[in-house]
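Report on the structure
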Amino acid sequence: MSNSIVDINNDTEAKAASLLDASSSAGQKSVLFFWAEWHAPSAAGGPFDTVVKALAGQSGSDGVTIYRVLAEEAPTLSQKYNVTTVPTFIFLNSDGTAIERIDGGEDVARVTQCYSRLAMTASTSSAPSSSEPATIISTQQPEETKEEQTLNNRLQSLITSSPIMLFLKGTPNAPKCGFSRQAIDMLTASNLTFGYFNILEDDAVRQGLKSYSDWPTYPQLYVKGELVGGLDIMKEFMEEDGLVAQLELEDYVIGNSSSAVETNNDTTKTESALSLNDRLQQLINRHRIMLFMKGIPSSPKCGFSRQIVEILDSYNVSYDAFNILEDEEVRQGLKEYSDWPTYPQLYVEGDLVGGLDIVKEMEDGGDLKELLTGDVTD
């Protein structure tokens, strides 16, 4: 384990760390991570353990101590905080009061969000008046202005515009910092399809997302609308079982689905065709702007695909892409489904726009910008 994590394996060690005192953790912000050996997600190598190790790498500079507590072997400490399930996370301010807690579940991303809020919370000097389990403090936020609400709506729309969404400096084809390049390399190495947004082209998003997500740096990775974290957490996941296994992203691996089984039974063939059409429809609608291409945006495999990626990137819009070279079923099926014989193919809001020639004509006529940059908050 990292030296930034204090392991608590029994109540004796908890007492030695002053965690059983009425004013436990006083003067120091801390996180109590209750786990069990039989619970794979919180045990060594599991996704919760991986996130904790990543956060421990920055906990010293954040002024936060992380305690990794073996819940069943420290019953007194577990009872003090009313721990009845694993994992349980208790986020303690410097006066020992719990400002947030997480009881069970599988939401790894929430751990990073709560940790970030704890690190940014100002220390307080008042100590709790009893040794009863601390309760969560509800802090009332000031009423949002109309402008803030509009921005937050836009951020939420961007975050959820693709199942895997990366906010970075630059584009996958031309990252503008080393951290962003490393994040792209990890997603590409994992053979994942993902959407992205270049924060260098929109300062409102760049600054607003820091506050919205309580995460101060870029790149930022989101999965299914939830913040995973930055580069350090992505690296920890890669070093364990990889991004796909740790974040359960099997459905988004390029070419991961099996082709329909051939059969002489006409009914089975019809059902297979329907299944393929359903899949194509789902792919087309996976993102507001969906590109079917040869390769991926960071590594196009033909000149036509490279050109259309460059055009889309020039408008700084979020879009998703599917590599038809990795899935012959989709490659052939989409030609018939859309009645369009070549690639790349661009879809907007589920409707076929066309190939490179059409896109170029729309760009020259000034129609492409309006189509691509429609109101994403709708």
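Keep in mind it's a predicted model, so treat the numbers as computed, not measured.

Secondary structure summary: the protein contains 14 helices and 17 strands in total. The long-range share in the protein, meaning contacts at least 24 apart out of those at least 6 apart in sequence, stands at 70%. Total accessible area on the protein is roughly 18100 Å²; 46% of this is exposed by carbon and sulfur atoms.

Attention shifts here to the packing of aromatic side chains. A complete count under the given rule lists 8 aromatic pairs for this structure. Ring geometry for Y196 against Y319: centres 5.4 Å apart, planes inclined by 70°, an arrangement best described as edge-to-face. Taken as a pair, Y196 in strand β9 (residues 195–198) and Y319 in the loop between α11 (303–314) and β15 (320–323) lie far apart in primary sequence, 123 residues in all. For Y196, a relative accessible area of 3% translates into the label buried. Between F292 and Y347, the ring centres sit 5.6 Å apart and the planes meet at 75°, which makes this aromatic pair edge-to-face. Placement of F292 in strand β12 (residues 289–293) and of Y347 in strand β16 (residues 345–348) is noted, with a sequence separation of 55 residues between them. Take F292 and Y347: they sit in the same class, and that class is buried. By way of ring pairs, the aromatic residues F33, F48, F89 and F91 are connected into one cluster. Cation over ring: R68 sits above W35, and NZ or CZ is 3.7 Å from the ring centre.

Turning our attention to the pairing of strand β6 (residues 164–168). Successive residues of a regular strand alternate their side chains across the two faces of the sheet. Burial analysis of β6 places 5 of its 5 residues in the buried class, which makes it a mostly covered element. Side chains I164, L166 and L168 of β6 all project onto a buried face; the interleaved residues M165 and F167 project onto the opposite face, where all are buried too. In terms of strand pairing, β6 meets β9 through 4 bridges, oriented parallel. If you follow L168 over to β9, its bridge partner there is N198.

A sheet is described by the order of its strands in space; here 4 strands give the open sequence β15-β12-β16-β17, paired in mixed fashion. Here the strands that pair on one side only, and so sit at the sheet edges, are β15 and β17 (351–354). Between one strand axis and the next, the sheet turns through 25° on average, direction left out of account. Packing against the sheet, α11 makes contact with β12 and β16, and its axis sits at approximately 160° to β12.

With that out of the way, let us pick up the nonpolar core. In this structure, F89, F91, F167, L187, L192 and L291 are the most contacted members of the largest nonpolar core, which totals 77 residues. With 6 residues, the top contributor of residues to this core is helix α2 (residues 47–62). Setting aside residues no more than four positions away along its own chain, F89 makes contact with V31, L32, F33, F48, V52, E100, R101, I102 and V111. By size, the runner-up hydrophobic cluster in this structure holds 17 residues, among which are L19, L32, A71 and A74.

Our next topic: the confidence of the model for the protein. Any segment with low pLDDT has predicted coordinates that should not be analysed in fine detail. Predicted confidence across the protein gives a mean pLDDT of 81, with 84% of residues reaching 70 or more. Here helix α10 (residues 266–284) stands out as the element of the protein with the lowest mean pLDDT, 67, in contrast to β16, whose mean of 95 is the highest.

Bringing the sheet that holds strand β4 (residues 88–92) into the picture now. Strand order in this open sheet of 5 strands is β1-β3-β2-β4-β5, and the pairing throughout is mixed. Strands with a single pairing partner mark the edges of an open sheet, and in this sheet they are β1 (5–8) and β5 (98–103). Pairs of neighbouring strands in the sheet enclose a mean axial angle of 15°, with direction left out of account.

This next bit is on the pattern of salt bridges. Taken as a whole, this structure holds 12 salt bridges when the rule is applied. Residue R68 pairs with D49 through a salt bridge whose shortest N-O separation is 3.2 Å. Here the residue R68 occupies a position in strand β3 (residues 64–70), and D49 occupies one in helix α2, the gap between them amounting to 19 residues. R68 sits in the buried class, given a relative accessible area of 5%. On the accessibility criterion, D49 (0% relative accessible area) is buried. A salt bridge links R288 to E349; the shortest N-O distance between them is 3.3 Å. Taken together, the residues span a long stretch of sequence, with R288 in the loop between α10 and β12 and E349 in the loop between β16 and β17 at a distance of 61 residues. A single salt-bridge network, built from bridges that share partners, covers D7, D49, K53, R68 and E240.

Backbone torsion omega between Y218 and P219 reads 5°, so that peptide bond is classified as cis. Mapped onto the elements, P219 comes out in the loop between α7 (203–213) and β10 (220–223). The omega angle of the peptide bond from Y343 to P344 is 10°, so this bond is cis rather than trans. Along the chain, P344 turns up in the loop between α12 (328–338) and β16. With a phi close to 55°, N82 is a non-glycine residue in the positive phi region. You can see N82 is positioned in the loop between α3 (75–80) and β4. Even without a glycine there, the phi angle at N316 is positive, about 55°. Relative to the elements of secondary structure, N316 occurs in the loop between α11 and β15.

What counts as what
Residues numbered from 1 in each chain as written. Predicted model: local features only at pLDDT ≥ 70, side-chain atom pairs only at ≥ 80, totals over all residues. Heavy atoms only, no water. Helix = DSSP H or I, 4+ residues; strand = E, 2+ residues; numbered from the N terminus. Contact = heavy atoms within 4.5 Å. Areas by Shrake-Rupley, 256 points an atom, 1.4 Å probe, with all protein chains shown as cover. Phe/Tyr/Trp six-rings, centres within 6.5 Å; stacked < 30°, edge-to-face > 60°. Buried < 20%, exposed > 50% of the residue type's maximum accessible area, 1.4 Å probe, protein only. Lys NZ or Arg CZ within 6 Å of the ring centre and 35° of its normal. Pairing = 2+ DSSP bridges. Axes fitted to C-alpha atoms, helices over the stretch in contact; angles between N-to-C directions. Core = buried A, V, L, I, M, F, W, Y, C linked by side-chain atoms within 4.5 Å. pLDDT = per-residue confidence, 0-100. Salt bridge = Lys/Arg side-chain N within 4 Å of Asp/Glu carboxyl O.

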